[in-house]
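The lines below spell out each chain.
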Amino acid sequence: MTFDPEFALSILPRILSTITTTLFATIIGCMGAAALGFLWEIVRRSSKLGRYTMRFLIDFIRSTPLLVQIYFFYFVLPEYGLTLPGLVVGVLALSLYYSGYLAEVFKGGIDSIPAGQFEAAKALGLSRLQLIMFVIAPQMLRNVAAPMGNYFVSLLKATPYLAIIAVPEMLSVALEIASETFRYTEPMTVVGIIFLTLALCFSGLVKVIESRLRLSPKAG
């Protein structure tokens, strides 16, 4: 069966109709992963117990396949009385899974901050929250913009996993079209091109943000 450009163009609007779901899962997943990853790292530095607890949690998250986590949230939690919509499960799983990787990224970013910055903050009498918000976070983001962006692009490319729990994102629609028409070449090609375009756009945006962070004034 040869590739039919006319058929590919005819199914494009139907696939694009679900791009908002893909973008929503990606954006909220990135925000959730960044927030959780930063939280894991802050807790890891809070005490000896926090360090060992977070080390176990982060290793567990990173060592467990994303697909297993999605299935767990979608099929196991209802057995304990907690049933969540598919999209919520997908965003939760993406956030949790990539938070483990971002925690390690944040660790490297914080470790690269000169020790004098922490000593100066202590001398100024800053609270722990002020230290995190005004000293750690701004300098850390400058150091980790590139690796964070790489994981965000990876998260975007992981959203097709949501098709397995019936979330109406682009891959699930492409599979529906394929099952209806018995043509797989065009739907898969269209989806692949759309994801390639989105990934390139995300990568470009990350480079712009990274360059702006590098040009921003550094703390003395």
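Counting restarts for each chain: residues are numbered from 1 in the order of the written sequence. Only residues with pLDDT of at least 70 get local features here, since the model is predicted, and only at 80 or more are side-chain atom pairs given and counted; chain-wide, interface and lining totals rely on the full set of residues. The side-chain quantities take in all heavy atoms of the structure and omit both hydrogens and water.

> What should I look at first to understand the layout of surface pockets in this one?
Which parts of space are left empty comes out when a probe the size of a water molecule is rolled across the atoms. With a 1 Å grid laid over protein atoms only, a set of points is called a cavity when a 1.4 Å probe fits there but cannot get out and a pocket when it is open yet has protein on both sides within 12 Å along at least five of seven lines; lining residues have an atom within 4 Å of a point. Grid points are joined across faces, edges and corners, and a volume is the space filled by probe spheres set on the points. Computed from the structure, the largest pocket encloses a volume of approximately 320 Å³. As for the largest pocket, its lining consists of 14 residues, of which Met148, Gly149, Phe152, Val206 and Ile209 are closest to the centre. For the lining of the largest pocket, the secondary-structure elements that each account for two or more residues are helix H2 (19-44), helix H7 (128-158) and helix H9 (185-215). Helix and strand labels come from DSSP, where a helix needs a run of H or I of at least four residues and a strand needs a run of E of at least two; each type is numbered from the N terminus. Among the elements that take part in the lining of the largest pocket, H9 stands out by supplying six residues, more than any other. When residues are grouped by polarity, Ala, Val, Leu, Ile, Met, Phe, Trp, Tyr, Cys and Pro land in nonpolar, Asp, Glu, Lys and Arg in charged, and all others, Gly among them, in polar. The class makeup of the residues in the lining of the largest pocket is 12 nonpolar, one polar and one charged. Roughly 220 Å³ of volume is contained in the second largest pocket. For the lining of the second largest pocket, the secondary-structure elements that each account for two or more residues are helix H6 (115-123) and H7. It is H7 that contributes the most residues to the lining of the second largest pocket, four residues altogether. Looking at the lining of the second largest pocket residue by residue, the classes come out as eight nonpolar, one polar and three charged.

> Would you take a moment to explain the packing of helix H3 (residues 48-63) against helix H5 (residues 86-111) for this structure?
Axes are the key here: two packed helices are described by the angle between their axes and the distance separating the axes. Relative orientation of the contacting elements H3 and H5 amounts to 125 degrees, with a least axis distance of 8 Å. The orientation of H3 relative to H5 falls into the category oblique. Crossing angle aside, the handedness with which H3 passes H5 is left-handed. Contacts between H3 and H5 pair Ile58, Ile61 and Arg62 from the former with Leu96, Tyr97, Ser99, Gly100, Tyr101, Ala103 and Glu104 from the latter. Here the contact of H3 with H5 is built from residues that sort into six nonpolar, two polar and two charged. To define axes, lines are fitted to C-alpha atoms, for helices over the stretch in contact only, and angles between the resulting N-to-C directions are given on a 0 to 180 degree scale. Just so you know how the angles are binned, under 35 degrees is roughly parallel, over 145 roughly antiparallel, 65 to 115 roughly perpendicular, and the rest oblique. Each helix crossing is assigned a hand: it is left-handed if the near helix lies turned anticlockwise from the far helix by less than a right angle, otherwise right-handed if that turn is clockwise. Two residues qualify as a contact provided that any one of their heavy atoms is within 4.5 Å of a heavy atom in the partner residue.

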